[in-house]
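Structural characterization, general
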Amino acid sequence: MELTKNALILLSNGFEEIEAVCPIDLLRRAKIDVTVCSCDETLKVKGRSGISIQADCNLQSIADRSFDLLILPGGPAVFKLRKDPVILKVIQKYFNNGKWIGAICAAPLLLLDAKVLNGTKHTAHSSVLNELPNLLRGEDVVIDKNIITSAGAGTAVPFGLKLVELLLSEEKAIEIAHSIHAHHPTHKG
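Residues numbered from 1 in each chain as written. Predicted model: local features only at pLDDT ≥ 70, side-chain atom pairs only at ≥ 80, totals over all residues. Heavy atoms only, no water.

Brief notes about the overall build of the protein chain
Convention followed: Elements are defined by DSSP. Helices are runs of H or I of four residues or more, strands are runs of E of two residues or more, and each kind is numbered from the N terminus. Computation of the radius of gyration draws on C-alpha atoms alone. For the globule rule, the value is 2.2 Å times the number of residues to the power 0.38. Accessibility here uses a 1.4 Å probe with only protein chains present; expressed as a share of the type maximum, an area under 20% marks a residue as buried, one over 50% as exposed, and anything in between as partly exposed. Surface accessibility in these figures is a Shrake-Rupley result with a 1.4 Å probe; residues are shielded only by whichever protein chains are displayed. Note that His is not counted, nor are the chain ends; the positive residues are Lys and Arg, and the negative ones are Asp and Glu. One atom stands in for each charge, and that atom is NZ of Lys, CZ of Arg, CG of Asp or CD of Glu.
Within the protein chain, the secondary structure is distributed over six helices and nine strands. The C-alpha atoms of the protein chain give a radius of gyration of 15 Å, which matches the 16 Å a tight globule of 189 residues would have. Each principal axis of the C-alpha atoms in the protein chain carries an extent, and together these give about 45 × 40 × 35 Å. Every one of the 189 residues in the protein chain was classed for burial, and the buried ones make up 50%. Working note: accessible area of the protein chain is about 9200 Å², and carbon and sulfur atoms make up 52% of it. For the protein chain, the distance from the average position of its 21 positive side-chain charges to the average position of its 21 negative side-chain charges is 3 Å.

Digging into the nonpolar core
For clarity, the cut-off: The criterion is simple. A nonpolar core is a set of buried Ala, Val, Leu, Ile, Met, Phe, Trp, Tyr and Cys residues joined through side-chain atoms within 4.5 Å. The contact criterion used is simple: two residues touch if any of their non-hydrogen atoms lie within 4.5 Å.
Leu8, Leu10, Leu70, Leu72, Ile91, Leu110 and Leu111 are the most contacted members of the largest nonpolar core, which has 33 residues in total. Of all the secondary-structure elements, those providing two or more residues to this core are β1 (6-11), β6 (69-72), α2 (77-81), α3 (85-96), β7 (100-104) and α4 (108-113). Among the elements that make up this core, the one with the highest residue count is α3 (six residues). Beyond its immediate sequence surroundings of up to four residues, Leu70 is in contact with Leu8, Leu10, Val90, Ile91, Tyr94, Trp100, Ile101 and Gly102.

Concerning helix α1 (residues 17-29)
As a reminder, the rule being used: Multiply 1.5 Å by the residue count of a helix minus one, and that product is the helix's expected span.
Across its 13 residues, α1 extends 18 Å between first and last C-alpha, which sits within 8% of the 18 Å expected from 1.5 Å per residue. Turning to α1, its buried residues number three or more, namely Glu17, Glu19, Ala20, Cys22, Pro23, Ile24, Leu26 and Leu27. Against the buried residues of α1 lie β1, β2 (33-38), β6, β7, α5 (156-167) and α6 (170-179). In the segment just after α1, Lys31 is the residue with positive phi, at about 70 degrees.

With respect to α6
Stated formally: Picture the helix axis, draw a direction to every C-beta atom, and the arc is the one those directions span.
Along α6, the residues classified as buried are Ala173, Ile174, Ile176 and Ala177. Down the axis of α6, the smallest arc covering the buried residues is 165 degrees, so these residues share one side. Summarising the geometry of α6, the exposed residues directed more than 90 degrees from the buried face are Glu171 and His178. The elements touched by buried residues of α6 are α1 and α5. His181 occupies a position one or two residues after α6 and carries a positive phi of about 60 degrees.

Structural notes on the pattern of salt bridges
Short version of the rule: Salt bridges are defined as contacts in which a side-chain nitrogen from Lys or Arg sits within 4 Å of a carboxyl oxygen from Asp or Glu.
Tallying each qualifying case throughout the model produces eight salt bridges. A salt bridge links Asp25 to Arg29; its shortest N-O distance comes to 2.4 Å. Highlighted residues: Asp25 and Arg29, both in helix α1, separated by four residues, approximately one helical turn. Residue class for Asp25 comes out partly exposed when judged on its relative accessible area of 32%. Classification of Arg29 as partly exposed rests on a relative accessible area of 41%. The salt bridge partner of Arg82 is Glu131, with a shortest N-O separation of 2.7 Å. One end of the pair, Arg82, is in the loop between α2 and α3; the other, Glu131, is in the loop between α4 and β8 (141-144), with 49 residues separating them in the sequence. Owing to a relative accessible area of 16%, Arg82 belongs among the buried residues under this scheme.

Take a look at the structure:
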């Protein structure tokens, strides 16, 4: 019996809702177990546009668990999380263990602070160009080593589909894309 793939998404007040909900939804459609984790004191986490999400747990409660994928959405929350050594250690742990890390919008700044970018090809929101001068512009999703980066809210669907592809298969990503009438870059039709 094949084990179910799983993913952990970290949310903090001020997260970008589209960049969190889209990957959660697409991964769950693909039957990947997604744990929504609050980095704040409460399980109810409020996004940048005022939409609240009830997290499944807080970071302390899953400290000993391992997931196949760590997802970091962007939004103003990133700038608070950059100062949190616990979050940076979690990122380093996933990177050093060869686990997938997905970061979208401003979240690649967390990868920079955790010192895991190290010449890795990446993209991010153009607003962070001053700190990430080597980001690849015009790319929706960039994969290098075990890091997947994406440009922002408008690229959340291709980002989520790429996460499905990396954890399961291209066929599953195409199936999910077709079911939501989204374009998958390698599928014609």
